[in-house]
Structures are given as C-alpha cells and as structure tokens.
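# Architecture at a glance
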Amino acid sequence: MYTAHPDRYAEMPYRRTGRSGLKLPALSLGLWHNFGPDRPVETQRAILRRAFDLGVTHFDLANNYGPPPGSAESALGEALKADFGAYRDELVVSTKAGYLMWPGPYGEWGSRKYLLSSLDQSLSRMGLDYVDIFYSHRPDPETPLEETMGALHTAVQQGKALYVGVSNYSPEQTREAARILAELGTPLLIHQPRYSMLDRRPETSGLLDALDELEVGSIAYSPLEQGLLTGRYLNGIPEDSRAASDSPFLNSDAVTEELVGKLRALNDIAASRGQSLAQLALAWVLRQGRVTSALVGASSPRQLEDSVAAIGNLDFDADELARIDKVVKG
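Nothing here was measured: the structure is a model prediction, and the numbers come from that model.

Attention now moves to the overall build of the chain. The helix and strand inventory of the chain stands at 11 helices and 10 strands. Against the 2.2 N^0.38 benchmark of 20 Å for 330 residues, the chain shows a C-alpha radius of gyration of 19 Å, consistent with a compact globule. Along the longest, intermediate and shortest principal axes, the C-alpha atoms of the chain span 50 × 50 × 40 Å. Relative to its full complement of 330 residues, the chain shows a buried share of 56%. Put simply, of all contacts in the chain between residues at least 6 apart along the chain, 75% involve residues at least 24 apart. A total accessible area of about 14,400 Å² is found for the chain, and carbon and sulfur atoms account for 48% of it. When the 33 positive and 43 negative side-chain charges of the chain are each reduced to one mean point, those points stand 1 Å apart.

Spatially, 3-4-5-6-7-8-9-10 is the arrangement adopted by the eight strands of the closed barrel, whose pairing is parallel. Neighbour to neighbour, the strand axes of the sheet diverge by 30° on average, direction disregarded. Relative to strand 9 (residues 217–220), strand 8 (residues 188–192) runs parallel, the two being bridged by two bridges. Residue H191 lies in a different strand from strand 9, and its bridge partner there is S218. This element, helix 3 (residues 112–126), spans strand 5 (92–97) and strand 6 (131–136) of the sheet and lies at about 140° to strand 5.

A word on the nonpolar core. L29 and L266 are the most contacted members of the largest nonpolar core, which totals 94 residues. The dominant element in this core, judged by the number of residues it contributes, is helix 9 (residues 277–286), at nine residues. Ignoring sequence-local partners within four residues, the contact set of L29 consists of I47, L48, A51, V56, H58, F59, D60, L295, V296, G297, A298 and L304. The next biggest cluster of nonpolar side chains, apart from the first, holds 10 residues, and it includes L22, V92, I133 and I190.

With an omega dihedral of 5°, the bond running from G66 to P67 counts as a cis peptide bond. Relative to the helices and strands, P67 is located in the loop between strand 4 (58–60) and helix 2 (71–83). Each neighbour pair has its own omega, and for P67 with P68 the value is -5°, a cis peptide bond. Positionally, P68 belongs in the loop between strand 4 and helix 2. The backbone phi angle of W109 is positive, close to 75°, even though this residue is not glycine. Mapped onto the elements, W109 comes out in the loop between strand 5 and helix 3.

The next subject is the pairing of strand 7 (residues 161–167). The side chains of a regular strand alternate, residue by residue, between the two faces of the sheet. Across the seven residues of strand 7, five count as buried, placing the element largely inside the fold. One ladder, built from five bridges, connects strand 6 with strand 7; its direction is parallel. The residue bridging S136 from the neighbouring strand is V166, located in strand 7. Read as a crossover between parallel neighbours, the route from strand 6 over helix 4 (residues 145–157) to strand 7 is right-handed.

What follows concerns the packing of aromatic side chains. Per the stated rule, a full pass over the model turns up 10 aromatic pairs. Seen from their ring centres, Y9 and Y14 are 6.0 Å apart, and the 55° between their planes marks the pair as tilted. Relative accessible area serves as the criterion here: at 39%, Y9 is assigned to the partly exposed category. When the centroid spacing of 5.3 Å and the interplanar angle of 55° are considered together, the rings of F52 and Y87 count as tilted. Residue F52 is located in helix 1 (residues 41–53), and its partner Y87 is located in the loop between helix 2 and strand 5; the two are separated by 35 residues in the primary sequence. Taking the relative accessible area as the measure of exposure, Y87 reaches 12% and is therefore buried.

A few words on the packing of helix 1 against helix 2. Interaxial distance between helix 1 and helix 2 falls to 10 Å at its minimum, and their mutual angle equals 65°. The handedness of the crossing between helix 1 and helix 2 comes out as right-handed. Taking contact as the criterion, the partners of Q44, R45, L48 and R49 in helix 1 are, on helix 2, A75, L76, A79, A82 and D83. For the contact of helix 1 with helix 2, the class distribution of residues is five nonpolar, one polar and three charged.

All right, on to the pairing of strand 3 (residues 27–30) then. The alternating pattern of strand 3 places L27 and L29 and S28 and G30 on opposite faces, both of which are buried. In this structure, strand 3 lies alongside strand 10 (residues 293–296), joined through three bridges in parallel fashion. In the sheet register, L29 faces strand 10, and the bridge partner there is V296. Where strand 3 and strand 4 come together, two bridges link them in parallel fashion. When the bridges of strand 4 are listed, L29 appears paired with F59. Following the backbone out of strand 3, through helix 1 and into the adjacent parallel strand 4, one traces a crossover that is right-handed.

Parameters and conventions
- Counting from 1, residues in each chain are numbered in the order their sequence is written.
- Side-chain atom pairs in this predicted model are given and counted only at pLDDT of 80 or more, local residue features only at pLDDT of at least 70, and totals for whole chains, interfaces and linings cover all residues.
- Heavy atoms from the whole structure form the basis of all side-chain values; hydrogens and water molecules are not counted.
- By the criteria applied, helices consist of DSSP H or I runs no shorter than four residues and strands consist of E runs no shorter than two, each listed in order from the N terminus.
- We compute the radius of gyration over the C-alpha atoms and compare it with the globule rule, which gives 2.2 Å times the number of residues raised to the power 0.38.
- In this scheme, a residue with accessible area under 20% of its type's maximum is buried, one over 50% is exposed, and one in between is partly exposed, where area comes from a 1.4 Å probe on protein chains only.
- Residue contacts are counted whenever heavy atoms from the two residues lie within 4.5 Å of one another.
- Note on areas: Shrake-Rupley, 1.4 Å probe, and residue coverage restricted to the protein chains presented here.
- His is not counted here, nor are the chain ends, while Lys and Arg score as positive and Asp and Glu score as negative.
- Charge positions are represented by NZ for Lys, CZ for Arg, CG for Asp and CD for Glu.
- A pair of strands is considered paired only if DSSP assigns at least 2 bridges between the two.
- In this analysis an axis means a line fitted to C-alpha atoms, helices contributing only their contacting stretch, and an angle means the value between N-to-C directions, from 0 to 180 degrees.
- Only buried Ala, Val, Leu, Ile, Met, Phe, Trp, Tyr and Cys residues count toward a nonpolar core, and they belong to the same one when joined by side-chain atoms within 4.5 Å.
- Orienting the strands away from the viewer, one traces the path from the first strand over the helix to the second; a clockwise path indicates a right-handed crossover.
- For Phe, Tyr and Trp, where Trp contributes only its six-membered ring, two rings pair if their centres lie within 6.5 Å, and the inter-plane angle classes them as stacked under 30 degrees, edge-to-face over 60, or tilted in between.
- Crossings are assigned a handedness: left-handed for a near helix turned anticlockwise from the far helix by less than a right angle, right-handed for a clockwise turn.
- Only Asp, Glu, Lys and Arg are considered charged, only Ala, Val, Leu, Ile, Met, Phe, Trp, Tyr, Cys and Pro nonpolar, and every remaining residue, Gly among them, polar.

Shown next, in the form of structure tokens:
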C-alpha cells in the first residue's frame with residue numbers, strides 16, 4: 001500500500017494559473033511517452049509515486065497518448081486505483097481531445113460529438129468521474145470555434161471537467177476562444193503550447209503576450225525539445241535514442257553538427273550554473289514566471305528527480321540570458 005511522503009509539498013513551488021484559483025506545480029508530469037503496454041507496469045507506477053512524493057501534483061494526458069492511443073489513460077487509471085485512491089483531491093488530472101482516435105468522420109478534430117464522446121471514453125479508461133482540465137488539443141479548421149468551445153463549456157456544465165483549456169492554438173484563435181468561453185460563463189483557464197530554448201514561437205508569435213493580456217495560464221510541452229536538451233546528444237546520436245528510432249517527433253536529420261555545437265555550448269552554460277542541460281532548459285522556460293508550469297516526461301524515477309531538481313535555481317541574470325540567446329540564435 002502506497003503512502004505519500006509527508007513532506008511532499010515542502011520544496012515544489014506552485015503557481016497560480018492565470019486569474020483562476022487553481023495553482024499548478026512548476027513542473028508537471030506528462031504521460032505522452034513511457035506509459036503504455038510496452039513499458040513495465042511497476043516502472044510506470046514508480047514514476048507516478050515518485051512524482052507525487054516530490055510535489056508534482058499534476059498528471060497531464062490526452063486521449064491519444066500511448067502507444068497505442070488510450071493506453072496512457074488506462075495505465076493512469078490502474079495506478080490511480082492501486083495507489084492514489086486516498087489522494088484524488090490532491091491531484092490535478094488533465095486530458096485532451098483533437099487527434100485521431102477511431103475511424104470515420106467523428107473520430108478526431110473539434111466537433112461537439114467527437115469531443116464529448118472522447119471525454120466519456122477518457123473518463124472510463126481512467127476510472128474517474130471528472131477531470132480537472134479538459135483541452136481542445138488542436139483547432140479544427142472546419143468546425144466553428146463556437147461549437148468547439150461550446151462542447152468544452154458543456155463538459156463543465158455536466159460536471160465532467162472543472163476547467164477547460166486549449167493547445168496548439170494561435171494567438172488570434174486563443175483570443176477568440178477566450179471571448180466565446182467568457183460569454184458562455186466558463187473562463188479559459190490555460191493554453192498548452194510547445195515551447196523551449198530551441199522553439200520560441202510562443203514568444204515570437206505573440207502568444208505569451210496574448211495570454212498575459214487575457215490572464216490565461218500556460219503550460220509548456222516539449223521544454224526539452226524531444227530530448228535534444230537532455231544532454232543525450234552532446235556527442236552525436238546514441239543508438240537507443242529517439243532520433244535513432246522511427247519516431248515521427250525527432251529524426252536523425254535534425255541532429256546536425258551545427259545543432260550539436262549549440263547543445264555543447266548550452267551545456268557549458270548549464271555547468272557554470274551547477275545544472276545539467278535539462279535543468280537549464282526547464283529553468284529557462286520557467287524564468288520570469290510567464291509560464292505557469294513545464295511538462296516533463298520520465299522513463300524512470302531517477303530521470304524525474306533530475307528534472308525536478310531544476311527548481312533549485314530558476315533565476316537568470318542578464319548575462320546568462322544573453323549568452324543563451326547568442327548560442328541559440330547564432
């Protein structure tokens with residue numbers, strides 16, 4: 001029987017999400033990879049238990065996480081039943097819908113039919129009555145935004161979600177989504193964009209500025225750029241790495257000599273701060289408090305511990321930021 005660590009809230013900082021009353025840990029656990037039938041069940045449960053013991057109270061999923069799709073939610077459901085029954089009210093569980101889940105015209109995108117059907121399936125897989133946050137995972141170019149946001153509002157009205165969010169929306173789409181939701185009476189809580197030292201589109205597109213103006217929270221996914229910022233690629237491409245596999249998210253062509261040179265220079269900056277490259281990357285995303293939380297994955301409890309250690313130094317001086325910019329931007 002799992003008993004949570006009594007000091008689990010001692011170190012982790014919690015940040016208010018936009019203008020809501022919900023606080024999220026600075027680091028949240030994403031179940032995008034490493035949670036499915038191809039991974040040992042006990043390792044998955046050990047990662048979740050260690051996360052909670054370290055104050056990581058937010059577990060982030062989507063209906064299609066796995067592989068296969070749905071398996072990450074099923075894995076979390078088993079862990080919740082086995083280990084976290086007494087702690088449900090201390091957890092924030094989020095899921096999303098938007099990508100392909102089943103055949104036919106109702107199995108993806110942003111229709112009311114798809115979103116609400118998917119949420120029911122997600123709840124069944126996780127064994128939950130509600131999720132804390134339900135996201136539209138991507139904008140649907142063929143469905144009116146009023147319909148997609150209306151479905152999120154209905155999920156809240158039905159008691160199946162406490163808050164709603166969007167992911168991969170442009171600044172303009174985010175503003176319009178927030179306007180529609182405000183009129184419905186269900187505020188937009190949070191946006192989940194891809195954001196890292198190597199991918200600064202939330203800054204350059206004006207998304208972070210829009211979220212500041214709207215008083216909407218943000219949670220960054222891929223802050224370690226699919227593992228590029230973990231230090232695994234400082235000497236090229238390891239045989240057992242994601243870039244060496246057939247992953248659609250990172251391939252060997254992306255790991256150029258120029259990129260490896262940048263990674264080594266960033267690693268030197270990290271070392272000067274007493275951090276690993278991964279810790280530097282997470283701290284950079286969380287700097288200045290503009291980002292509410294950063295999502296990290298983990299293949300082992302030890303890897304998770306290394307990520308969480310980033311919270312020990314989230315401050316940067318102007319010289320450090322300038323050095324990072326010079327490396328990344330050339």
